[in-house]
Amino acid sequence: MRDEKIHFHPSGPLIALVGNPNCGKTALFNRLTGSFQKVANYAGVTVERKEGRLITSLHIALRILDLPGTYSLYPRSLDERVTCDVLAGRAQGERRPDLAVCVVDATNLRRSLRLVLAVQRQGLPCIVALNMSDEARLRGIHIDEQALSVELGIPVVSTVATAVGGESALRKMLDDPAILQLKAGPAAVNDTADPGGQQTHTDHERVQAILRKLKLDHLVPDLKTERLDRFLLHPVFGPVALVVLLFMIFQAMFSWAQVPMDFIKDMSDHLAVLVADLLPDNWMRSLIVDGVIKGAGSVVVFLPQILILFAFILILEESGYLPRAAYLLDRLMGSVGLSGRSFIPLLSSFACAIPGIIATRTIPNQRDRWVTMLIAPLMTCSARLPVYALLISAFIPQTKIWGLFELQGLIIFILYFAGILGAMGVAWVLKRFTASGRQIRPLMMELPPYRLPVVRNILIGLWQRTQLFMSRVGGVIMVLTLALWFLASFPSAPAGAAGSPIEYSIAGMIGHALAVVLAPIGFNWQIAIALVPGLAAREVAISSLGTVYALSTTTEVAQSLGPLIAQQWSLPTALSLLAWYVFAPQCLSTIATIRRESGSWQLPLLVLVYLFALAYLASFITFRVATALL
Ligand SMILES: Nc1nc2c(ncn2[C@@H]2O[C@H](COP(=O)(O)OP(=O)(O)OP(=O)(O)O)[C@@H](O)[C@H]2O)c(=O)[nH]1
Ligand SMILES: [Mg+2]
């Protein structure tokens, strides 16, 4: 997945949204600027600064900056440093903000106000947006805005970033040009050199005094969340619930997706027949039918499964369950030398390793961050799904076990599990090699309240996924598939040649050469051809197989890829290819991202080498064992 571009508007007053993690800065940013940045119910979603524009009623263009959340101005991780640098005017290519909007979680004033005091000491003009005021009201927390404003000496407004118009009070305040003339308090000298010292103590005292004045110094428990956690974080029921939940997701991916998948397949088959009838029988027809329609169709068919997986991931993200899963798995992760901090980056990697690798910026410990980057590509990203689904539906019968579980869903669960197990194994080996890996680092992670997912956010998330997927199909997948079609079609077979023409083409020759190396793991030359473009993006292997088989079969009848490979491959070959896909580094963008995030070539090269070695080994064992047993 590509990272969203930063829109850059060079002129206009600069306003920064600052606050603790998960207080609703991005939700507020999206409302103010009409953007669609990622919002989710856990700390550490935003890891980079993002810019948007707000036009006031007087037609002044304000530049709004969304920043990563931070607990203090003493940064401990890379994402927190981004925020601290922006506030201090040290960020590269960015001037100091003209105004800081301190976004405050109204249900947790005690912690939020400490950051407000620290921002004020930076010598920046500030205002406070009391966000989540709806939740505060529901929990019986009544905050007197006026009194808080007097205590802090800066303007205070209430907002509800999740409600339409919930940002209007803040918008109105920003509409007033006078807000940009606000005077800042005096900047403290050398404030950032005082982690945990005298200043922190003074701030704590001051926050206590303010809360006492506002009659908010008693803790208001979140009963609903506590009740749910008693079950979901229970030492026995908790892990059981987690496994059941994950298992159900994979079951749903297979049973719900069938109808829309059949529909897409029918449509693309019809289109292929229609276009084939319309065009004269020449290379152009082959390019359009075999290259474009069959190539793209064979990948698009997996969109429903990808969307079902994402719907579940988005719901889990919005509900606040994810950090709980991290908590449940913390002990397990500790046993392989990782902290629960690595959980969310690794979990994001199930969508795509790239945002997962970027999310490692929230991990303060450098060693843990590198290990997480090393193993992130082993998490089964959504691009593997088409490959898994194709092979599984071709080779695994659609039966139920004990009349309950779909066998196909069970196999995909096992494949995901194999990736996780591989990652844990690698982390465990790395723990042996590094002394700091053997230290126990306690998990300090906030558990947010449970929230009902906002349907609109889920729909936007799914729409963005669809766009991304289709642009991949139309972009990199199409280009590589067409390139493969050319390589697989030329030079054409000599007159009177036996065998299919593709065997005489450049791709055929490359495939035959590679097949020598790949024969011990059960791959034939057709698979060898498809793996090469599949190195750039995994799904391309599917469209490439589609093209290769469309060009190598002599039958006129359009046959879909699944039944075709079921006829031509043995079951051990299919299983070996599945094992290959669990481990092999089949994505150039991931390698490029590891290079960028680690700042060196060492880590990406290590990833390439160890993943290839692991994939070859896994496929070899799978193929040999399956051949012996089946
Ligand atoms: N009820 C309620 N929920 C809110 C409000 N504002 C945000 N949320 C929810 O709070 C969660 C966090 O929102 P984000 O906008 O991602 O928070 P953030 O401050 O950007 O978080 P980081 O990027 O991790 O620092 C999401 O689940 C939002 O839907 C609000 O005013 N009321
Ligand atoms: Mg955010």
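Residues numbered from 1 in each chain as written. Chains lettered and ligands numbered in written order. Predicted model: local features only at pLDDT ≥ 70, side-chain atom pairs only at ≥ 80, totals over all residues. Heavy atoms only, no water.

Caption draft 1: Highlighting the overall build of the protein. Of regular secondary structure, the protein possesses 26 helices and eight strands. With respect to the three principal axes, the spread of C-alpha positions in the protein is 95 × 55 × 45 Å. Of all intrachain contacts in the protein linking residues separated by at least 6 positions in sequence, the fraction that spans at least 24 positions is 74%. Counting every atom, the protein has about 28300 Å² of accessible surface; 66% of that belongs to carbon and sulfur. (Helix = DSSP H or I, 4+ residues; strand = E, 2+ residues; numbered from the N terminus. Contact = heavy atoms within 4.5 Å. Areas by Shrake-Rupley, 256 points an atom, 1.4 Å probe, with all protein chains shown as cover.)

Caption draft 2: Examining the site of ligand 1 more closely. Taken together, 25 residues lie around ligand 1, and K25, T26, A27, V45 and T46 are the ones closest in. Contact distances for ligand 1 include 3.1 Å between an oxygen atom and a backbone N or O atom of C23. At 3.2 Å from a nitrogen atom of ligand 1 is found a side-chain nitrogen or oxygen belonging to T162. Per-element tally for the shell around ligand 1: the top contributor is helix α1 (residues 25-33), with three residues. Class assignment for the residues of the shell around ligand 1 results in eleven nonpolar, nine polar and five charged. (Near = heavy atom within 4 Å. Polar contact = N/O pair within 3.5 Å; in protein donor to acceptor, adjacent residues only side chain to side chain. Nonpolar A, V, L, I, M, F, W, Y, C, P; charged D, E, K, R; others polar.)

Caption draft 3: Molecular detail of the UniProt feature "transmembrane region" (unreviewed entry) in the protein. Per the UniProt record, "transmembrane region" (unreviewed entry) is found at residues 236-257, 292-316, 336-358, 370-396, 408-430, 469-490, 502-523 and 605-626. Secondary structure content for residues 408-430 is 100% helix and 0% strand, while the C-alpha to C-alpha distance between its ends is 34 Å. Secondary structure over residues 502-523 splits into 59% helix and 0% strand, and the C-alpha atoms at its two ends are 17 Å apart. (UniProt positions renumbered as here; feature names shortened; annotations may be inferred.)

Caption draft 4: Structural detail: the coordination of the magnesium ion (ligand 2). Listed as protein donors to the magnesium ion (ligand 2) are T26 (OG1) and T46 (OG1); their distances from the metal cover 2.0 Å. In this pair, T26 is assigned in helix α1 and T46 in the loop between α1 and β2 (50-55), connecting sequence segments 20 residues apart. Across the pair, T46 and T26 agree in class, each one buried. (Donors = N, O, S within 2.8 Å, 3.2 Å for Na, K, Ca; no water. Buried < 20%, exposed > 50% of the residue type's maximum accessible area, 1.4 Å probe, protein only.)

Caption draft 5: The arrangement of the domain arrangement of the protein in detail. Taken domain by domain, the protein holds domain 1 (14-187 + 197-214), domain 2 (221-319 + 452-458) and domain 3 (459-629). One C-alpha centre belongs to domain 1, the other to domain 2, and the line joining them spans 37 Å. On the domain 2 side, the residues contacting the nine residues of domain 1 number seven residues. Of the roughly 620 Å² buried where domain 1 meets domain 2, counting both sides, 40% is carbon and sulfur surface. In this structure, K38 engages E317 in a salt bridge whose closest nitrogen and oxygen atoms are separated by 2.5 Å. The interface formed by domain 1 and domain 2 holds three residue pairs in polar contact (both at pLDDT 80 or more) in total. (Domains from an automatic or database assignment. Buried area = accessible area lost by both parts, 1.4 Å probe. Salt bridge = Lys/Arg side-chain N within 4 Å of Asp/Glu carboxyl O.)

Caption draft 6: Spatial organisation of the side chain of S619. Relative to the elements of secondary structure, S619 occurs in helix α26 (residues 602-629). Apart from the residues lying within four places of it in its own chain, the contact partners of S619 are I521, F523, S576, A579 and W580.

Caption draft 7: Quick peek at the side chain of D203. Take D203: it is sitting in helix α7 (residues 198-213). D203 gets classed as buried once you look at its relative accessible area, which sits at 8%. Separated by 2.9 Å, the side chains of D203 and R121 make a polar contact.

Caption draft 8: Structural context of the packing of helix α19 (residues 455-489) against helix α22 (residues 540-552). Where α19 meets α22, the closest approach of the two axes is 9 Å, and the angle between their N-to-C directions is 30 degrees. When the axes of α19 and α22 are compared, the pair comes out roughly parallel. The two elements α19 and α22 meet at a crossing, and its hand is right-handed. Along its contact with α19, which presents I477, L480, T481, L484, W485, A488 and S489, the element α22 presents V540, S543, S544, T547, V548 and L551. Taken together, the residues of the contact of α19 with α22 break down into eight nonpolar, five polar and no charged. (Axes fitted to C-alpha atoms, helices over the stretch in contact; angles between N-to-C directions. Parallel < 35°, antiparallel > 145°, perpendicular 65-115°, else oblique. Left-handed = near helix turned anticlockwise from the far one by under 90°.)

Caption draft 9: Just the sheet that holds strand β1 (residues 14-19), in detail. An order of β2-β3-β1-β4-β5-β6 is seen for the six strands of this open sheet, with the pairing classed as mixed. Among the strands making up the open sheet, the edge pair consists of β2 and β6 (156-158). Averaged over all pairs of adjacent strands, the angle between strand axes in this sheet comes to 25 degrees, irrespective of strand direction. Where strand β5 (residues 126-131) and β6 come together, three bridges link them in parallel fashion. Bridge assignment links V128 to a residue of β6, and that residue is V156. (Pairing = 2+ DSSP bridges.)

Caption draft 10: Structural context of the environment of K183. As for its position among the elements, K183 is in the loop between α6 (168-175) and α7. Owing to a relative accessible area of 73%, K183 belongs among the exposed residues under this scheme. K183 sits 55 residues away from G238 along the chain, and the two C-alpha atoms are 51 Å apart.

Caption draft 11: Local environment of the nonpolar core. M253, I412, I565, W569, L577 and W580 are the most contacted members of the largest nonpolar core, which has 111 residues in total. Among residues more than four places away in sequence, those in contact with W580 are I521, F523, L531, Q586, F612, A615, Y616 and S619. Counting 37 residues, the second largest nonpolar core, distinct from the first, contains A100, C102, A136 and L214. (Core = buried A, V, L, I, M, F, W, Y, C linked by side-chain atoms within 4.5 Å.)

Caption draft 12: Local environment of the UniProt feature "domain: FeoB-type G" (unreviewed entry) in the protein. UniProt marks residues 12-180 with the feature "domain: FeoB-type G" (unreviewed entry), using the numbering shown here. Within residues 12-180, the helical portion is 33% and the strand portion 20%, while the C-alpha atoms at the span's ends are 11 Å from each other.

Caption draft 13: Just the environment of L603, in detail. Assignment of secondary structure puts L603 in helix α26. Taking relative accessible area as the criterion, L603 reaches 5% and is therefore assigned buried. Each C-alpha atom, one on L603 and one on W370, is 7.9 Å from the other, the two residues being 233 residues apart in sequence.

Caption draft 14: Region of interest: helix α16 (residues 366-375). The element α16 is extensively covered by neighbouring structure, given that eight of its ten residues are classed as buried. Buried residues of α16: R367, D368, R369, V371, T372, M373, L374 and I375, and no others. In the core, the buried residues of α16 are packed alongside α2 (78-88), α14 (343-348), α15 (353-359), α18 (407-433), α25 (588-598) and α26. Capping the start of α16, N365 holds a side-chain oxygen 3.0 Å from the backbone nitrogen of R367, two or three residues further along.

Caption draft 15: Looking closely at the pattern of salt bridges. The final tally for this structure, using the stated rule, is 21 salt bridges. With its nearest N and O atoms 3.1 Å apart, the salt bridge here joins R90 to D85. In this structure, R367 engages D368 in a salt bridge whose closest nitrogen and oxygen atoms are separated by 3.1 Å. An identical accessibility class is assigned to R367 and D368; each is buried. Via salt bridges that share partners, E48, K50, R361, R369, R596 and E597 belong to a single interconnected network.

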